[in-house]
Amino acid sequence: MADKKVILSGSTVTGDLTIGNYIGAMNNWKKMQEEYNCHYFIADLHALTVAQDPKALRERCFSFFAQYLALGLDPENNTIFVQSHIHEHAELAWILTCLTPMGNLNRMTQFKDKSSNTKNINAGLFTYPVLMAADILLYQADVVPVGEDQRQHMELCRDLVVFWENRYGEGTLKMPEAYIGKAGARVMSLQDPSKKMSKSDENEKNFVSIIDTPKKIQKKIKSAQTDSDTVVSFDQEKKPGLANLLTIYSVLSEKSIDDIVKDYEGKMYGHLKVDLADLVVETLKPVQEKYDDLMKNKDYLEQLMAKGASKARVRAADTLKKVYEDTGLIFRA
Ligand code: TRP
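Residues numbered from 1 in each chain as written. Predicted model: local features only at pLDDT ≥ 70, side-chain atom pairs only at ≥ 80, totals over all residues. Heavy atoms only, no water.

Novice: I would appreciate a short explanation of the overall build of the protein in the present structure.
Specialist: Scanning the protein for helices and strands turns up 13 helices and five strands. Relative to the compact-globule value of 20 Å for 333 residues, the protein shows a C-alpha radius of gyration of 22 Å, a close match. The principal-axis extent of the C-alpha atoms belonging to the protein is close to 75 × 40 × 40 Å. Residue burial in the protein is summarised as follows: out of 333 residues, 46% are buried. (Helix = DSSP H or I, 4+ residues; strand = E, 2+ residues; numbered from the N terminus. Rg over C-alpha atoms; globule rule 2.2 N^0.38 Å. Buried < 20%, exposed > 50% of the residue type's maximum accessible area, 1.4 Å probe, protein only.)

Right, dumping it as structure tokens:
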């Protein structure tokens, strides 16, 4: 385990996981857990950058944790934890905040976007990328899978390693690489197939969540955006909406796209949509059953959270100790 490279990724608790996550999980998690030492966490501290209802936030954190497990993320072979359970995140974030030039944060486009449509902007929203850097650097992560929208935050994280080394020397923080998945190999939004399906999309017609009811799933797929042609064929350029549906169909049914296209010769898009919706409902059934069971057993979820945290803490504490030494803080005896 020690010589495997470390993967780390976090997910803020907004929205629910989507069929895009389901397909990503199917394709990647098993392989990744064999090749890497994987760390996944629920970014509950990041969620506090926008006002949260306390009860809803707590429920959502449980729900998120349960959704990852229901998708098949194995807590034995991966380290799955809740960010706030490792106090080192907040500590390192503060120390890094004191190393971060205001100018670097002022340039963050995500802050500009988010703050332009929020009335009460708090300082946490501004320093959000520094906490994210702390998340990554604490675990000496080699690879960080993130969405395209996180590219600039990853750059800040890498800059901070350089700033650190200039001030305190090398050997404490590891330079991480961002891994940004390629377009095409992913599930796109149902209403706007030019963008990725995202759990935090404000329009919920754009995604199918893994815990949507069958009725909702049917409705969303039926109203997915397609062109006005009627011939079912795969054309990424001219028929991106249909191409997206065919891709989902193909992955979930394990049939080739060509075979599916043949099956729908002479049929309308509507037939394909109805069948795809049924397929998605069937596919998600066992996931939803597992999710429901887990949500009925919060004690068990808490146990798994504690187990994940105690695994994660070892690495985090090790890094923080070095950070204390570098910075001149006295490490608690
Ligand atoms: N900011 C990330 C997002 O919105 C979530 C996140 C927080 C994260 N900390 C992280 C992702 C550390 C990767 C590594 O998607």
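Novice: How do you make sense of the site of the ligand when you look at a structure like this?
Specialist: Near the ligand lie 13 residues; those nearest to it are His46, Tyr128, Met132, Asp135 and Gln150. Side-chain polar atom of Asp135 to a nitrogen atom of the ligand: 2.7 Å apart, as the coordinates give it. A distance of 3.0 Å separates a nitrogen atom of the ligand from a polar side-chain atom of Gln150. Considered on its own, the ligand offers 360 Å² of accessible surface; in the complex 89% of this is hidden by protein. (Near = heavy atom within 4 Å. Polar contact = N/O pair within 3.5 Å; in protein donor to acceptor, adjacent residues only side chain to side chain. Areas by Shrake-Rupley, 256 points an atom, 1.4 Å probe, with all protein chains shown as cover.)

Novice: Looking at this structure, how should I read the environment of Glu289?
Specialist: Position of Glu289 among the secondary structure elements: in helix H12 (residues 269-295). Residues Glu289 and Ala70, spaced 219 residues apart in sequence, show a C-alpha to C-alpha distance of 8.3 Å.

Novice: Please clarify how the pairing of strand S2 (residues 36-43) should be interpreted in this entry.
Specialist: For a regular strand, side chains alternate in direction, first toward one face of the sheet and then toward the other. Burial of S2 is extensive: seven of the eight residues sit out of reach of the surface. Direction of pairing for strand S1 (residues 5-12) relative to S2: parallel, over a ladder of eight bridges. Along S2, the bridge assignment pairs Leu8 with His39. Running through helix H1 (residues 19-35), the crossover from S1 to the neighbouring parallel element S2 is right-handed. (Pairing = 2+ DSSP bridges. Right-handed = clockwise from strand over helix to strand, strands pointing away.)

Novice: Explain the environment of Val144 to me, please; I cannot follow it from the model alone.
Specialist: Position of Val144 among the secondary structure elements: in strand S4 (residues 143-146). Residue Val144 is classed as buried on the basis of its relative accessible area of 2%. In sequence terms Val144 and Ala178 are 34 residues apart; their C-alpha atoms lie 4.8 Å from each other. With sequence-adjacent residues up to four places away left out, Val144 is seen in contact with Leu8, Ile136, Met154, Pro176, Glu177, Ala178 and Tyr179. (Contact = heavy atoms within 4.5 Å.)

Novice: I tried to follow unusual backbone geometry on my own but got confused; where do I start?
Specialist: With the exception of glycine, the majority of residues adopt a negative phi angle, and the majority of peptide bonds are in the trans configuration. Positive phi, normally seen in glycine, also occurs at Gln140, with a value near 50°. Looking at the element boundaries, Gln140 is found in the loop between helix H7 (123-138) and S4. The class for Gln140 is buried, based on a relative accessible area of 14%. In this structure, Glu254 is a non-glycine residue whose phi angle is positive, near 60°. The topology assignment puts Glu254 in the loop between helix H10 (240-253) and helix H11 (257-263).

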